[in-house]
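Here's the letter readout for the chains.
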Amino acid sequence: MFGLEKPAGQQEPGKSGGLPKMASVGDFNVLSSSIPATKVELSVSCRNLLDRDTFSKSDPICVLYTQAIGNKEWREFGRTEVIDNTLNPDFVRKFIMDYFFEERENLRFDFYDVDSKSPNLSKHDFLGQMFCTLGEIVGSQGSRLEKSIVGIPGKKCGTVIVTAEELGCCRDSVLMQFCANKLDKKDFFGKSDPFLVFHRSNEDGSFTICHKTEVVKNTLNPVWQAFKISVRALCNGDYDRTIKVEVYDWDRDGSHDFIGEFTTSYRELSRGQSQFNVYEVINPKKKGKKKKYVNSGTVTLLSFLIETEVSFLDYIKGGTQINFTVAIDFTASNGNPSQPTSLHYMNPYQLNAYGMALRAVGEIIQDYDSDKMFPALGFGARLPPDGRVSHEFALNGNPQNPYCHGIDGVMEAYYRSLKSVQLYGPTNFAPVINHVARYAASVKDGSQYFVLLIITDGVISDMAQTKESIVNASKFPMSIIIVGVGPAEFDAMEELDGDVVRISSRGRFAERDIVQFVPFRDYIDRSGNHVLSMARLAKDVLAEIPEQFLSYMRVRGIKPSPAPPPYTPPIHVLQTQI
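Residues numbered from 1 in each chain as written. Predicted model: local features only at pLDDT ≥ 70, side-chain atom pairs only at ≥ 80, totals over all residues. Heavy atoms only, no water.

Looking up the protein chain in an unreviewed UniProt entry gives the name Copine-8, with the organism given as Brachypodius melanocephalos. Under Function (unreviewed entry), UniProt gives the following word-for-word description of the protein chain: "Probable calcium-dependent phospholipid-binding protein that may play a role in calcium-mediated intracellular processes." Reading the Sequence similarities (unreviewed entry) entry of the UniProt record for the protein chain gives the comment "Belongs to the copine family." (UniProt positions renumbered as here; feature names shortened; annotations may be inferred.)

(A) Seen up close, the overall build of the protein chain. What the protein chain contains, in helices and strands, is 12 helices and 28 strands. Each of the 578 residues in the protein chain was classed as buried or not, and the buried ones make up 55%. Partitioning the contacts of the protein chain with sequence separation of at least 6, the portion at a separation of at least 24 is 72%. (Helix = DSSP H or I, 4+ residues; strand = E, 2+ residues; numbered from the N terminus. Buried < 20%, exposed > 50% of the residue type's maximum accessible area, 1.4 Å probe, protein only. Contact = heavy atoms within 4.5 Å.)

(B) Spatial organisation of the packing of helix α6 (residues 353-365) against helix α7 (residues 406-420). Remark: α6 packs on α7, axes separated minimally by 10 Å, with the N-to-C direction vectors making an angle of 160°. Taken together, the axes of α6 and α7 lie roughly antiparallel to each other. Note that α6 runs across α7; the crossing there is right-handed. Within the contact between the two elements, α6 uses Y354, G355, L358, R359, G362 and E363 and α7 uses I407, D408, V410, M411 and Y414. Classifying every residue of the contact of α6 with α7 by side-chain character gives 6 nonpolar, 2 polar and 3 charged. (Axes fitted to C-alpha atoms, helices over the stretch in contact; angles between N-to-C directions. Parallel < 35°, antiparallel > 145°, perpendicular 65-115°, else oblique. Left-handed = near helix turned anticlockwise from the far one by under 90°. Nonpolar A, V, L, I, M, F, W, Y, C, P; charged D, E, K, R; others polar.)

(C) Examining α6 more closely. Between its terminal C-alpha atoms α6 stretches 18 Å, which fits the 18 Å expected from 13 residues at 1.5 Å a residue. Along α6, the residues that are buried comprise A353, Y354, G355, M356, A357, L358, R359, A360, V361, G362, I364 and I365. Its side-chain oxygen 3.1 Å from the backbone nitrogen of Y354, N352 forms the N-cap of α6. (Expected span 1.5 Å × (residues − 1). Polar contact = N/O pair within 3.5 Å; in protein donor to acceptor, adjacent residues only side chain to side chain.)

(D) Structural detail: the environment of D462. Residue position: D462 is located in the loop between β24 (448-456) and α9 (463-473). You can call D462 buried: its relative accessible area is 5%. Considered as a pair, D462 and P426 are 36 residues apart in the sequence and their alpha carbons are 8.5 Å apart. Side-chain polar atoms of D462 contact the backbone nitrogen of F429, separated by 3.0 Å.

(E) Structural context of the sheet that holds strand β2 (residues 60-67). The antiparallel open sheet is built from 4 strands, whose spatial order is β3-β2-β5-β6. A single partner strand is all that each edge strand has here, and the edge strands are β3 (74-79) and β6 (125-133). In this sheet, adjacent strand axes meet at a mean angle of 25° when their direction is disregarded. The sheet contact formed by strand β5 (residues 106-113) and β6 spans 8 bridges and is antiparallel. (Pairing = 2+ DSSP bridges.)

(F) Representation of the nonpolar core. Formed by 55 residues in total, the largest nonpolar core has its most connected members in I322, F324, F330, I481, V483, L537 and L542. For this core, the element with the most residues is α6, which contributes 9 residues. Residues A233, C235, F262 and F304 belong to the second largest nonpolar core, which totals 32 residues. (Core = buried A, V, L, I, M, F, W, Y, C linked by side-chain atoms within 4.5 Å.)

(G) Structural view of the packing of aromatic side chains. Throughout the structure, instances matching the rule amount to 20 aromatic pairs. Measuring from ring centre to ring centre gives 5.4 Å for F490 and F517, while their planes differ by 55°; the resulting arrangement is tilted. Note that F490 is positioned in the loop between β25 (478-484) and α10 (491-497) and F517 in strand β28 (residues 515-519), a separation of 27 residues in sequence. Here F490 and F517 have matching classes, each one buried. Site record: aromatic cluster; members linked through ring pairs are F330, Y354, F393, Y414 and Y415. Over the ring of F207 we find K244, and its NZ or CZ is 4.4 Å from the ring centre. Against the face of Y424 rests R382, its NZ or CZ located 4.7 Å from the ring centre. (Phe/Tyr/Trp six-rings, centres within 6.5 Å; stacked < 30°, edge-to-face > 60°. Lys NZ or Arg CZ within 6 Å of the ring centre and 35° of its normal.)

(H) The arrangement of the packing of helix α8 (residues 430-441) against α9 in detail. Axis separation between α8 and α9 bottoms out at 9 Å; the angle between their running directions is 15°. Overall, the two elements α8 and α9 adopt an arrangement that is roughly parallel. Relative to α9, the crossing made by α8 is left-handed. Across the interface between the two elements, A430, I433, N434 and A437 from α8 touch Q465, T466, S469, I470 and A473 from α9. Residues that form the contact of α8 with α9 fall into these classes: 5 nonpolar, 4 polar and no charged.

(I) Geometry of the side chain of D522. Locating D522 in the fold gives a position in the loop between β28 and α11 (530-542). At 2.3 Å, the side chain of D522 forms a polar contact with the side chain of R75.

(J) A look at the pattern of salt bridges. Evaluated as defined, the whole model comprises 24 salt bridges. Across the pair E76 and R79 runs a salt bridge, and its minimum N-O distance is 2.8 Å. Here the two residues E76 and R79 agree in accessibility, since each one is buried. One connected set of salt bridges, linked through shared partners, spans E41, E165, R200, E203, R232, D238 and R241. (Salt bridge = Lys/Arg side-chain N within 4 Å of Asp/Glu carboxyl O.)

Quick look at the structure:
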């Protein structure tokens, strides 16, 4: 398996994971030799796909799966966009993956003809699949792998071309706007419906699509909307690399008419609006045939604005604190803690599943919390002395001050609680989510961000209230990690995860995706190496936090505080007496 983490946003096949957020928060020391050598961007194109539509061509999508470490289960990594009416798609949306030279990362690319808006893949026509490894792609000549699509007996399913490009670390984005004048008329009854397609050149001289503008209907003098693209996507940080721009006339049936093309580079574009950034659109076929051919119109750059993307670490450097809260499921379905079959079994020789999940996530997050004081809560138990059921009790027995010192303090309070409370039920999440949301609601200046880790054995009892709590909490600086332990079905948790369909309650949608769910069983290491299991789990559940954090800061317009200047010891001036 390549890489110790499967990037976030992965689901069971058939439940989309959206595009993964690849930022990683930290590493266990044991993995210091396995920090990814690099990140690679995979571009996917197909040729001669099966045509499953009666009156038009297929509308293909590509879905990428990676293989889980423990049970070899295929988990969805992400999806491209859908391209209408084509058997030869060049997908714009890329897959960004960590690449480890020394490990095997099995990949599966599935292709579907999309027939409706449903995210459920079983509702669409299967067009075939291709299996390979990440190493196979990177190791192919020019890091370009071309393979037959298989999976439908007796049918030629076409070929897929996957190209890998190592990503530079450029963090700039650029906001550009273009217009055109006197483009060729391509439509019989009206003017053209033009759009632009941008391609960056690869080292072998081929081109990879990186952006499509919107279509402007019925004009030969279009003004396209400004668009933002990362410099990495546009030219991989190489300012002199050729950028090819093609101009097309949009047609409903997908057979868009080529108007012409021109080339430029980031360095040329960065001059901004000037005579250097007015480009003649040339159609080579027309130029070859017509002696008097001048051009097929011109495209002009109207504006060019560079923006540096801020990162999660910029905020951390500027002093933003991550506040970590733990909530543990004490319902009776976990089993009697004195029995080895219980998920809460206190084995003197090794951590139980709750302890492993707690340590795995907590030991990384605690590095971002300066006071190392963590509120630790339990839910679903009967408390001494009167046996009342609580869904929000302090593990240390002190409701006024539920804070524990460090992860060791949380573990100690957890074990103490197991000896004093009675496991009961039901499984209600809303009270602990509301508990953290109350604190998060009071700090909206970007100085603090709250992460709630809920560890549970399964079936949730207060689904409607929990959805309502998550929708409310999505307005505040907080994220929720849910780790499912034990063998239960976790279908309801997938719904809370919100990667496929944004979670809603009573007609209101969550402002952003703040929940990340993973089943702990996917991380059990068959060799018994629990350190490795915990590292994989931590990297997976924490991988979405930076992007969730940044989405809150962006929506609120909060910029990172400047990092404090590096410490320089004072210089002692020796005064000599005269």
